[in-house]
Amino acid sequence: MTHRKTYLRSSVANMAYDRLGEDRERDRGVSNHEQVIQPGTDEELMVHGYRYSCCKAAIFYLLTILTLGMFYLVSYWKPEWRVYFMRRECSLSEADSLILKDADGQLHVVKVEVDDVEPGFPSQYVISLHVHDASSNVHNGPSDATHLSQPIYKVVRFFLFQHIKYIWTPEKMSFTRLYGYDVNTPISSLLNDFRGFTVREQMHRQKLYGLNVISVEVKSYGYLLVTEILNPFYVFQIASITLWSFDNYYLYATCIFIVSCLSVIISLLETRKQSQSLHDMVEASNTNIASVLRATPQGPDKVEIGTRELVPGDVLVIPRAGCTMPCDAVLISGNAIVNESMLTGESVPVTKIPVTVSEENEIYSPEKHKRHTLFCGTSVIQTRYYGSAQVRAVVVQTGFSTAKGELVRSILYPRPLDFKFYKDAMKFIIFLFCIASIGMSYSVYIYILHEEGFLVTLIRTLDIVTIVVPPALPAAMTVGTYYAQSRLKKQGIFCISPPRINVAGKTKLVCFDKTGTLTEDGLEVWGVVEVKDNLMGTPVMNVSSIHYTSHLIAAMATCHSLTFLNGNLTGDPLDVKMFEATEWELEEPVEDDTQRFDNLIPTRVHPPQASLLPPCFEPSLPSPLSTTTSPPHPSTSPPHPSTTISEHSEQVGTHVAVHSLTDGDAGTVCCGTIDIQDDSLKQQSLEEPSQGSSNYDQVAPTVVKPCNREMYVDPPDITNIVETPFQVPYEIGILRQFPFSSSSQRMSVMVRKLGEQHMDLYVKGAPEIIQSLCKPESIPDGLGPILTHFTVQGFRVIALAYRTLHMKLSWHEAQKISRDQVEQDLTFVGLLILQNMLKPETSAVIHQLQQANIRTLMVTGDNILTAISVARDCGMVGTTHQVLVAKVTPPISDLPPSLVFEPADTSDIMIHSTTQDLTSVSITVDSNIPKYHLAVSGRAWALIYQYFPDLLPRIITRGTVFARMSPDQKAQLVEELQTINYIVAMCGDGANDCGALKTAHVGISLSEAEASVAAPFTSRTNNIKCVPQVVCEGRCALTTNFSVFKYMALYSIIQFVSVLILYSAYTNLSDPQFLYIDLFIVTVVAIFMGYTGPSLFEPNKKPDDKEPDNVVSWETATIFYASSFQYLALCVAYSPGQPFRKPLITNVWLTVSLIILTVTTLVMLLCPWPWLMNLMNMKYASDSYLMFRIALLLFVATHFVISVSTEYFIASSRALKKCFQWVTCKRMPKNKYKIVLREMDEDPNWPPVGTPVYSYQRT
């Protein structure tokens, strides 16, 4: 099938859309020139339509010719200007070019593409049009005869912006982003509607979505060279070198040309290296082979295709041995064990389970259903399936729309930094141009006065611009950043966005994740507290000592998603520690991992093994049922999950196994001589799933049992069976998992004990969530104080509960039922107490940051009291500081929502009662306590964000602990802090913090993921010591760049004044003198000024041909000496030390350079050597004018003392700052968070402790 692109420039204006489409809109007079795509999101785009205009284009090219290409060059730098000059506004339906304005205010130009399509293409995007003769004067649409006589073209219109496709929808008359099946797709559709495309359907969708490729184009050296040369900086360099050549400054021009060429070559090599590295990282997934289902007349057939050909809707067959996912896909059958370290930085394998019929009424969301989603770039370690069934997944997104594609896009198109330093630098450069214009006017006057020719006057006038605005200024401003990045790399901190280093120097606040960041990664089980007789028992440190029939132990042994991988128990570290504490065993049916679903028999957990055998068991006797169970034939129904198979008999050989029975057969279970032949037992033991049902393959049959000794229990009472002394092993089979999610803050499992006729549900999660799901009468007395006791000490507390499910609930129904139906009316069974220790570096780093006046706060998903305890332990909250917890009540009947703050040490802080009395006695903040902190839970945050947005600035300004925060809420908090002008840094382990790490001004990841995945900064050291290192280097780089900028600016001013003085004397500096000043003094000093390292982390302080005799003159020599010493003095004055940088003397290279340059200049002044003076084209008299030279030296020394004193004692003083504020009439701080702090200090009723605040706003 070939695709033909239609070029309709001359005819698009006369296209006739379907009369039910655009013609109808035109009749209504609807203006369609602009449109907003995805309003209110980070990807919001304002679209303006433009169409080619022959008249405007002719004027544009005429101006280009008249300006010798400069007009075209300016339009190259500003593409939107070229659109304005060459095109006219039009409706979006006629536009061939678009100007896009993104959420950051940046403008982009894109071209609208028009492609032919064939019948069968998705109709909602197809435009039917007629192409008329371009010379036709018909503008009111085609006639009926035209509709019948001229051919109809089926086309689609779209544009690409940052690798995302936006397609024209005729029905809506607008462009919309092209999504796959990750938006507005019901789960029921994923389960039932996708059975494989035909080849033709696949080709149509590939035409729509494009190739499944995440490719970073590596530009050729020629293209990079042209792009680099056309940079405004190098264009200015080329113009300056040309001008200097005309003025006979060949030596200086040649040196600058060589330096510029070296700079271009280094830049090309670095750019090419980075592009190649990124290209290699993402290209691996573009060349693999994938197996998909293709619809044929005989039914779905598995075929192999290149991963580039995958399209949304394809049914992907995941191989047994695993693979690297080439796309985003949703599992619909089978399980997969996945390593998602590429996305999250956590190398712990994650078990992915398929979507189920219980979720069929939900709309698929990659975030909500991430436990069902295989993300592009992640590694599938292995798959698990039922029998010969395949592990299948529906492709929902491809290419740059996948999770990996979004990460690559964030690297290719980073959000612009709104940094004041860069804005002020550009303003100052414009100011220098204004000064240059004054100098140009003066030079014109001087040379007209001396009756010079036009060419000499023009050259000398333009030379003023190259002096006032030094070409090396932009490069010099990046010196400090380059050195800082190199030093960070040596410390194991990698930065992929160097401008962020400067931003780090202005950090005012740092957000920290808790687990894995402030505290150790691993959790240790401290003990459990079991409920007995509706009372909380005493803490038990040795969990395995609790009787194995306890529901608490059963919950700990089953409520997890652990599995064996290469012989090792893997899964969430918390789950591993919890399970290991029970000392139970986890068994999976068959050692071959890929075959463990051949029999729908649960993997088992059981109590410790040892001989607790009934008398009728003889260990020496072989198992009565030792036959091996073969994989079920597709036509044979699998045994019931609670049935025990003969593999156990082979392993142990000492206990009775209940044999799987087929219809018409009788099973014999022997203990001595016992026959079980009653059909009723078969009916109760076996439930046969319907054949051909693929929706039940996802059962993860895990079974747990106590280890060390074999436990036997009496079988359930079964009528119609002879009394027998046999017993069955105590084993629990896990039939279904409801995975943990940040939104629900819990997980649960449906289990069945061997021999039981009913299922049980075990749940674990956040105490406040579990309490809300339990029956009120099952909540034990004293839970609040016990919970508070452990959480305030920093323990992590997990609540456990269970429920006995209805006996009539069949295995089929268990797979269909939703978690909301079963996760209710639970019985509370106890608490699991885990210990999470602070990392040894945490407290010292927090103290450092506080001493530097950098605010610190914690953003965690853990319990609020645990987080408060950790905040106290690490020093975020002082020992004498009070912590107030925000409690928000949503609107209830006629009562409006209310907000109240309560001290964190109240025992009922974790008990959420809907009948809570909010009119309690007011508790005021003790005036003797120097400071208070606010603590906010995720639930309270959501309600405050919704009902109390006006109080949000106050809460985040005083908030220190934010607990139970979801990943989205973490990013939301960072955004709110940024709105009140905080420069925010975020430090986390990359697991649930990716959004916040990317949103923050300075994101520092401690994960092992790729640096490009998690944040601009990635540390190899897994502790927060990297935070002060980044901030120190940022402050040092910012101080260095500012100092170099001031140095270069004053250098240009000094040289500007010097040259104007010499112009007045009708002379100028010689070529060697310019070379000595610019190359040996200014360049060397500017390079080495940035070499000074950061100081120790300390507190902020609030804070034509010329004639030879024209240049060889006493005026030239005097100005040369004075300006040279001034450049050196400025270097010393603008090389600050404390508090952000080390002293100047520690920068050996700069110190040596200053000494050499100073000595060289002194030699030329005091004892001029003839050969040196001739080389410099300088007038001299070695035996005369000694007093003049000494007087000049005293003048230079005085200038040095005045410059250094002014910079160190006046420019940086608070008195000058206050004077400037008085002159500019500045009375209020510019940062919003400072205004909020002042308002709270002046408000005697804030915070409202104990007294609720009500919200009456409409929502």
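Within every chain, residues take consecutive numbers counted from 1 along the sequence as written. Where totals are concerned, whole chains, interfaces and linings use all residues; where local detail is concerned, this predicted model gives features only for residues with pLDDT of at least 70, and gives and counts side-chain atom pairs only at 80 or more. Working from all heavy atoms in the structure, the side-chain values ignore hydrogens and water.

## Some words on the overall build of the protein chain
Reasoning step 1: Helix and strand definitions here come from DSSP, where helices need a minimum of 4 consecutive H or I residues and strands a minimum of 2 consecutive E residues; each element is numbered from the N-terminal end. The number of helices and strands found in the protein chain is 41 helices and 45 strands.
Reasoning step 2: Burial status follows relative accessibility: with a 1.4 Å probe on protein chains alone, a residue under 20% of its type maximum counts as buried, one over 50% as exposed, and anything between as partly exposed. Burial statistics for the protein chain: of 1259 residues in total, 54% are counted as buried.

## Topic: the sheet that holds strand E40 (residues 932-937)
Reasoning step 1: In this analysis, strands are considered paired if DSSP registers two or more bridges between them. The eleven strands lie next to each other as E21-E44-E43-E42-E22-E37-E41-E40-E38-E39-E45, forming an open sheet whose pairing is mixed. A single partner strand is all that each edge strand has here, and the edge strands are strand E21 (493-495) and strand E45 (1253-1254).

## Brief notes about a nonpolar patch on the surface
Reasoning step 1: Patch definition: residues above 30% relative accessible area lacking any salt bridge, with like charges linked at up to 9 Å and the nonpolar side chains Val, Leu, Ile, Met, Phe, Trp and Tyr linked at up to 5 Å. Note that accessible areas follow from Shrake-Rupley with a 1.4 Å probe, and for residues the cover is restricted to the protein chains shown. A pair is scored as a salt bridge if a Lys or Arg side-chain nitrogen falls within 4 Å of a carboxyl oxygen belonging to Asp or Glu. A cluster of nonpolar side chains, contributed by Tyr221, Phe257, Ile258, Leu262, Ile265 and Leu269, occupies part of the molecular surface with about 590 Å² of accessible area.
Reasoning step 2: Per element, the largest residue contribution to the nonpolar patch is five residues, and it comes from helix H10 (residues 250-283).
Reasoning step 3: Within the secondary structure layout, Leu269 lies in helix H10.

## Structural notes on helix H39 (residues 1186-1211)
Reasoning step 1: Here the expected span of a helix is defined as 1.5 Å times the quantity of residues minus one. For H39, spanning 26 residues, the distance from its first C-alpha to its last is 36 Å, which sits close to the expected 38 Å at 1.5 Å a residue.
Reasoning step 2: The largest bend in H39 amounts to roughly 25° and is located at Ser1205.
Reasoning step 3: Within H39, burial applies to Arg1189, Leu1192, Val1196, Ser1203, Val1204 and Glu1207. To get the bend at any residue, fit one axis to the seven residues that end at it and another to the seven that begin at it, then take the angle between the two axes.

## What about the pairing of strand E9 (residues 164-169)?
Reasoning step 1: Within E9, six of the six residues are buried, which leaves the element mostly enclosed by the surrounding structure.
Reasoning step 2: As judged from the four bridges shared by E9 and strand E10 (residues 174-177), these two strands associate in the antiparallel manner. Across the sheet, residue Tyr166 finds its bridge partner in E10, namely Arg177.
Reasoning step 3: Taking the residues between adjacent antiparallel strands as the criterion, E9 and E10 are bridged by four residues, where Met173 takes a positive phi near 55°.

## A few points about the sheet that holds strand E20 (residues 391-397)
Reasoning step 1: Judged by pairing direction, the sheet is antiparallel, and its six strands sit side by side in the order E12-E11-E13-E20-E15-E18 without closing on themselves. Here the strands that pair on one side only, and so sit at the sheet edges, are strand E12 (299-306) and strand E18 (373-374).
Reasoning step 2: As defined by bridge partners, strand E15 (residues 328-333) adjoins E20 across five bridges and the pair is classed as antiparallel. Across the sheet, Ala329 pairs through a bridge with Val395, a residue of E20.

## Considering the side chain of Gln737
Reasoning step 1: Counting through the fold element by element, Gln737 comes out in strand E32 (residues 732-741).
Reasoning step 2: A residue is classified by how much of its surface remains accessible, and Gln737, at 11% relative accessible area, is buried.
Reasoning step 3: Engagement of the side chain of Gln737 in a polar contact is seen with the backbone oxygen of His560, the distance being 3.4 Å. Two N or O atoms count as a polar contact when they lie within 3.5 Å, although within protein this holds only if one can serve as hydrogen donor and the other as acceptor, and sequence-adjacent residues are included solely when both atoms are side-chain atoms.

## A closer look at the packing of aromatic side chains
Reasoning step 1: Aromatic contacts are taken between Phe, Tyr and Trp rings whose centres are within 6.5 Å, Trp giving its six-membered ring; a plane angle under 30 degrees counts as stacked, one over 60 as edge-to-face, and the others as tilted. The final tally for this structure, using the stated rule, is 25 aromatic pairs.
Reasoning step 2: Taken together, Phe60, Tyr61, Phe71, Tyr72 and Phe85 form an aromatic cluster joined through their ring pairs.
Reasoning step 3: To sit over a ring, a charge needs its Lys NZ or Arg CZ within 6 Å of the ring centre and within 35 degrees of the ring normal. The residue whose ring lies beneath Arg954 is Trp1246, and the NZ or CZ to ring-centre distance is 5.2 Å.

## Some words on the environment of Phe257
Reasoning step 1: Following the sequence through the fold, Phe257 ends up in helix H10.
Reasoning step 2: When its relative accessible area of 45% is taken as the criterion, Phe257 is described as partly exposed.
Reasoning step 3: Placed 20 residues apart in sequence, Phe257 and Gln237 show a C-alpha to C-alpha distance of 8.3 Å.

## Considerations on a positive patch on the surface
Reasoning step 1: Where like charges cluster on the molecular surface, the positive patch consists of Lys506, Arg1214, Lys1217, Lys1218, Lys1230 and Lys1234.
Reasoning step 2: It is helix H40 (residues 1214-1223) that contributes the most residues to the positive patch, three residues altogether.
Reasoning step 3: Of note, Lys1234 is situated in helix H41 (residues 1232-1242). The positive count covers Lys and Arg only, the negative count covers Asp and Glu only, and His and the chain ends enter neither. Charge coordinates come from a single atom per side chain, which is NZ of Lys, CZ of Arg, CG of Asp or CD of Glu.

## Let's talk about unusual backbone geometry
Reasoning step 1: Despite not being glycine, Asn534 has its phi angle at roughly 60°, a positive value.
Reasoning step 2: Tracing the backbone shows Asn534 in the loop between strand E23 (524-532) and strand E24 (535-536).
Reasoning step 3: Phi is positive for Asp825, close to 50°, though the residue is something other than glycine.
Reasoning step 4: Position of Asp825 relative to the elements: it lies in the loop between helix H25 (819-822) and strand E36 (827-835).
Reasoning step 5: You can call Asp825 partly exposed: its relative accessible area is 44%.

## Section: the confidence of the model for the protein chain
Regions with low pLDDT should not have their predicted coordinates read in detail.
Reasoning step 1: Confidence scores here are pLDDT values: one per residue, from the predictor, ranging 0 to 100. On average, residues of the protein chain score 76 in pLDDT, and 76% of them are at 70 or above.
Reasoning step 2: Any pair of residues with heavy atoms lying within 4.5 Å of one another is described as a contacting pair. Throughout residues 718-725 the model reports pLDDT below 50, and contacts reaching past four residues in sequence, or to other chains, amount to ten contacts.
Reasoning step 3: Every residue in residues 1101-1109 is under pLDDT 50, and counting partners more than four places away or in other chains gives 14 contacts.

## Things to note about the pattern of salt bridges
Reasoning step 1: Overall, the coordinates contain 21 salt bridges when judged by the stated rule.
Reasoning step 2: The residue Asp760 makes a salt bridge to Lys753 at a minimum N-O spacing of 3.1 Å. For the pair formed by Asp760 and Lys753, the shared burial category is buried.
Reasoning step 3: One salt bridge in this structure joins Glu823 and Arg819, with 3.0 Å as the shortest N-O distance.
Reasoning step 4: With a relative accessible area of 3%, Glu823 lands in the buried category.
Reasoning step 5: Look at the salt bridges and you will find they share partners, linking Glu43, Arg177, Glu406 and Arg409 into a network.

## Describing the nonpolar core
One recurring pattern in soluble globular proteins is that nonpolar side chains are buried together.
Reasoning step 1: For this analysis, a nonpolar core means a set of buried residues of the types Ala, Val, Leu, Ile, Met, Phe, Trp, Tyr and Cys, connected via side-chain atoms within 4.5 Å. Val468, Tyr1047, Met1048, Val1085, Met1089 and Tyr1127 are the most contacted members of the largest nonpolar core, which totals 62 residues.
Reasoning step 2: The element contributing the most residues to this core is helix H33 (residues 1026-1064), with eleven residues.
Reasoning step 3: Other than its neighbours up to four places away in sequence, Val468 contacts Leu432, Ile435, Ala436, Ser1052 and Phe1056.

## Concerning the pairing of strand E41 (residues 959-963)
Within a regular strand, side chains alternate between the sheet's two faces.
Reasoning step 1: Counted residue by residue, E41 has five buried out of five residues, so it is predominantly covered.
Reasoning step 2: Across two bridges, the pairing between strand E37 (residues 855-859) and E41 is parallel. The partner of Met858 across the bridge, within E41, is Val961.
Reasoning step 3: In the sheet, E40 pairs with E41 via four bridges, with the strands oriented parallel. Opposite Val936, over in E41, you have Phe962 as the bridge partner.

## Describing the packing of helix H18 (residues 551-558) against helix H19 (residues 573-582)
Between two packed helices, the angle of one axis relative to the other and the distance separating the axes together describe the packing.
Reasoning step 1: At a closest axis distance of 8 Å, the pairing of H18 and H19 adopts a crossing angle of 135°. Of the possible angle classes, the one that applies to H18 and H19 is oblique. Both H18 and H19 take part in a crossing whose hand is left-handed. Where H18 abuts H19, its residues Ile553, Met556 and Ala557 lie against Met578, Phe579, Ala581 and Thr582.
Reasoning step 2: Residue polarity is assigned by list, with Asp, Glu, Lys and Arg as charged and Ala, Val, Leu, Ile, Met, Phe, Trp, Tyr, Cys and Pro as nonpolar; anything else, Gly included, falls into the polar class. Residue composition of the contact of H18 with H19, by class: six nonpolar, one polar and no charged. Axes, fitted as lines to C-alpha atoms, cover a helix only where it is in contact. Angles between the N-to-C directions of the axes lie from 0 to 180 degrees. Every angle not falling under 35 degrees, over 145, or within 65 to 115 is termed oblique; those three ranges are roughly parallel, roughly antiparallel and roughly perpendicular. In this scheme the crossing of two helices becomes right-handed for a clockwise turn of the near helix relative to the far one and left-handed for an anticlockwise turn of less than a right angle.

## Some details on the environment of Arg392
Reasoning step 1: Tracing the sequence through the fold places Arg392 in strand E20.
Reasoning step 2: A C-alpha to C-alpha distance of 6.5 Å links Arg392 and Val315, two positions 77 residues apart in sequence.
Reasoning step 3: For Arg392, the contacting residues outside a window of four places in its chain are Leu293, Val315, Leu316, Val330, Leu331, Ile332 and Ser333.
Reasoning step 4: At 3.0 Å, the side chain of Arg392 forms a polar contact with the side chain of Gln390.

## A closer look at the state of the cysteines
Reasoning step 1: The term disulfide is used for any two cysteine sulfur atoms that are within 2.5 Å. All chains considered together, the criterion is met by zero disulfides.
Reasoning step 2: Of all cysteine sulfurs, the one in Cys376 lies closest to Cys327, which takes part in no disulfide; the gap is 6.8 Å.

## Some thoughts on helix H37 (residues 1148-1166)
Reasoning step 1: Between the first and last C-alpha of H37 there are 27 Å, a value that for 19 residues agrees with the 27 Å anticipated at 1.5 Å per step.
Reasoning step 2: Inspection of H37 places Leu1150, Thr1151, Ser1153, Leu1154, Leu1157, Thr1161, Val1163, Met1164 and Leu1165 among the buried residues, and these make up the whole buried set.

## Re the packing of helix H2 (residues 54-66) against helix H3 (residues 70-77)
Reasoning step 1: As a packed pair, H2 and H3 sit with axes 6 Å apart at the nearest point and diverge in direction by 115°. Contacts from Phe60, Leu63 and Thr64 in H2 reach Phe71, Tyr72 and Ser75 in H3.
Reasoning step 2: Looking at the contact of H2 with H3 residue by residue, the class counts come to four nonpolar, two polar and no charged.

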